[in-house]
Amino acid sequence: MQKYYAVRRGKKPGIYLTWPECKAQVDGFAGARYKSFTDRAQAEAFLDGKDSYSKPANKTTSKPKVSNINDFDVVVYTDGGSRNHGNFKGGHVKTSDKAAWAYHISNNGQTYEGTDGEFGATNNRMEIMALIQSIIRLNELKINQQNTIFVLDSQYVLNAITKNWLTGWKKRGYKKADGSVPVNVELWKQLDKLLPTVPKKTFEWTKGHATNVGNNRVDELLNETMDKM
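Because the structure is predicted, anything quoted here is derived from the model rather than measured.

Asks: Hey, could you run me through the sheet that holds strand 2 (residues 14-16) in this one?
Replies: Sheet strands line up and pair through hydrogen bonds in the backbone, either parallel or antiparallel. Spatially, 2-1-3 is the arrangement adopted by the 3 strands of the open sheet, whose pairing is antiparallel. Of all strands in the sheet, those with a lone pairing partner are strand 2 and strand 3 (33-37), marking the two edges. The mean angle between the axes of side-by-side strands here comes to 25°, regardless of whether they run parallel or antiparallel. One ladder, built from 3 bridges, connects strand 1 (residues 4-9) with strand 2; its direction is antiparallel. Across the sheet, the residue bridging to Ala 6 is Ile 15, located in strand 2.

Asks: Explain the packing of helix 3 (residues 123-141) against helix 6 (residues 185-194) to me, please; I cannot follow it from the model alone.
Replies: Helix packing for two helices is described by the angle between their axes and how far apart those axes are. Where helix 3 contacts helix 6, the axes come no closer than 10 Å and their chain directions differ by 30°. In terms of orientation, helix 3 and helix 6 fall into the roughly parallel class. Two packed elements cross with a definite hand, and for helix 3 against helix 6 that hand is left-handed. For the pair formed by helix 3 and helix 6, the contact residues are Arg 125, Ile 128, Met 129, Leu 131, Ile 132, Ile 135 and Ile 136 on the first element and Leu 187, Trp 188, Gln 190, Leu 191 and Leu 194 on the second. Each residue belonging to the contact of helix 3 with helix 6 can be placed in one class, and the counts come to 10 nonpolar, 1 polar and 1 charged.

Asks: Can you help me understand unusual backbone geometry in this one?
Replies: Glycine aside, residues mostly have negative phi, and peptide bonds are mostly found in the trans state. Positive phi outside glycine occurs at Lys 142, with the angle close to 60°. Inspection of the secondary structure assignment puts Lys 142 in the loop between helix 3 and strand 7 (148-152). The backbone phi angle of Asn 184 is positive, close to 65°, even though this residue is not glycine. Examined against the element boundaries, Asn 184 turns out to sit in the loop between helix 5 (165-171) and helix 6. Looking at Asn 184, the relative accessible area reads 16%, which means it is buried.

Asks: Sorry, what's going on with the sheet that holds strand 7 here?
Replies: One open sheet accounts for 5 strands, arranged 6-5-4-7-8; its pairing is mixed. Each end of this open sheet is capped by a strand with a single partner; those strands are strand 6 (110-119) and strand 8 (201-205). Across this sheet, the average inter-strand angle for adjacent strands is 15°, counted without regard to direction. Inspection of the sheet shows strand 5 (residues 98-107) paired to strand 6 by 10 bridges, in the antiparallel sense. In the strand pairing of strand 6, His 104 is matched with Glu 113. Set on the sheet, helix 3 makes contact with strand 4 (74-82), strand 5, strand 6, strand 7 and strand 8; between it and strand 4 the angle comes to about 150°.

Asks: Got a minute to help me understand helix 6 in this structure?
Replies: Considered for burial, the residues of helix 6 that qualify are Val 185, Leu 187, Trp 188, Leu 191, Asp 192 and Leu 194. Buried residues along helix 6 sit in contact with helix 3, helix 4 (155-162) and helix 5.

Asks: What exactly am I supposed to notice about the side chain of Asn 144 here?
Replies: Its place among the elements puts Asn 144 in the loop between helix 3 and strand 7. Among the polar contacts listed, one links the side chain of Asn 144 to the side chain of Asn 139, at a separation of 3.3 Å. Excluding residues that lie within four positions of it along the chain, Asn 144 makes contacts with Leu 138, Asn 139, Thr 197, Val 198 and Pro 199.

Asks: Explain the packing of helix 3 against helix 4 here, please?
Replies: Contact geometry for helix 3 and helix 4: axes closest at 9 Å, N-to-C directions at 60°. Taken together, helix 3 and helix 4 sit at an angle that is classed as oblique. Where helix 3 abuts helix 4, its residues Asn 124, Glu 127, Ile 128 and Leu 131 lie against Tyr 156, Val 157 and Ile 161. Residues that form the contact of helix 3 with helix 4 fall into these classes: 5 nonpolar, 1 polar and 1 charged.

Asks: Is there a simple way to think about the pairing of strand 1 in this case?
Replies: Looking down a regular strand, the side chains alternate between one sheet face and the other. Burial within strand 1 is extensive, with 5 of its 6 residues counted as buried. The loop that links strand 1 with its antiparallel partner strand 2 comprises 4 residues.

Definitions and limits used
- Residues numbered from 1 in each chain as written.
- Predicted model: local features only at pLDDT ≥ 70, side-chain atom pairs only at ≥ 80, totals over all residues.
- Heavy atoms only, no water.
- Pairing = 2+ DSSP bridges.
- Helix = DSSP H or I, 4+ residues; strand = E, 2+ residues; numbered from the N terminus.
- Axes fitted to C-alpha atoms, helices over the stretch in contact; angles between N-to-C directions.
- Parallel < 35°, antiparallel > 145°, perpendicular 65-115°, else oblique.
- Left-handed = near helix turned anticlockwise from the far one by under 90°.
- Contact = heavy atoms within 4.5 Å.
- Nonpolar A, V, L, I, M, F, W, Y, C, P; charged D, E, K, R; others polar.
- Buried < 20%, exposed > 50% of the residue type's maximum accessible area, 1.4 Å probe, protein only.
- Polar contact = N/O pair within 3.5 Å; in protein donor to acceptor, adjacent residues only side chain to side chain.

Read these as layout, nothing more, since geometry by itself doesn't imply function.
What follows is the structure, given as structure tokens:
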């Protein structure tokens, strides 16, 4: 499927057909505004200053509130994936299955990325790993005290944080209400220690594999990692 990368604010505003071309226009450009679309008309509307483009439809659908990333000093996208070859949906991951995580950080016109993989890991494990590694990188870059937004497509990770599941597990000695131990408990413990190191943070969900450039980029990164494994 052809994607259209619209750069509203960048070195040379316009519509580009590949991520590398788009990236070249926004890297190092403070306050860059860009977004990907699968429809050229939507890309052109965004380029003209419209944040949304509506096609004629019989029904009006409401969309969840989306934060303006320009309100944040640091924008972090994370994602995890696993090529699970279980013979049915939800089937067990095999030890030979590839899995990977990735993050993409934007701050003051600069971008920082990271990705790695392992065999036999679940998608959920990689989603937590991606967030953990992004926070470690923020600390290494010494930008963890800035106003930060984390954008994820994993409800699994977001619910544990925003719905206070993680807090509840911790109070019960890292056990669920039924007494069972959460899957990936060691990663949850590590994440719990890291979260306070980013005091000014917002978490937001985005639909995976859609029009969000940052989310598509981390998906691309982790798939490149799995391809090389």
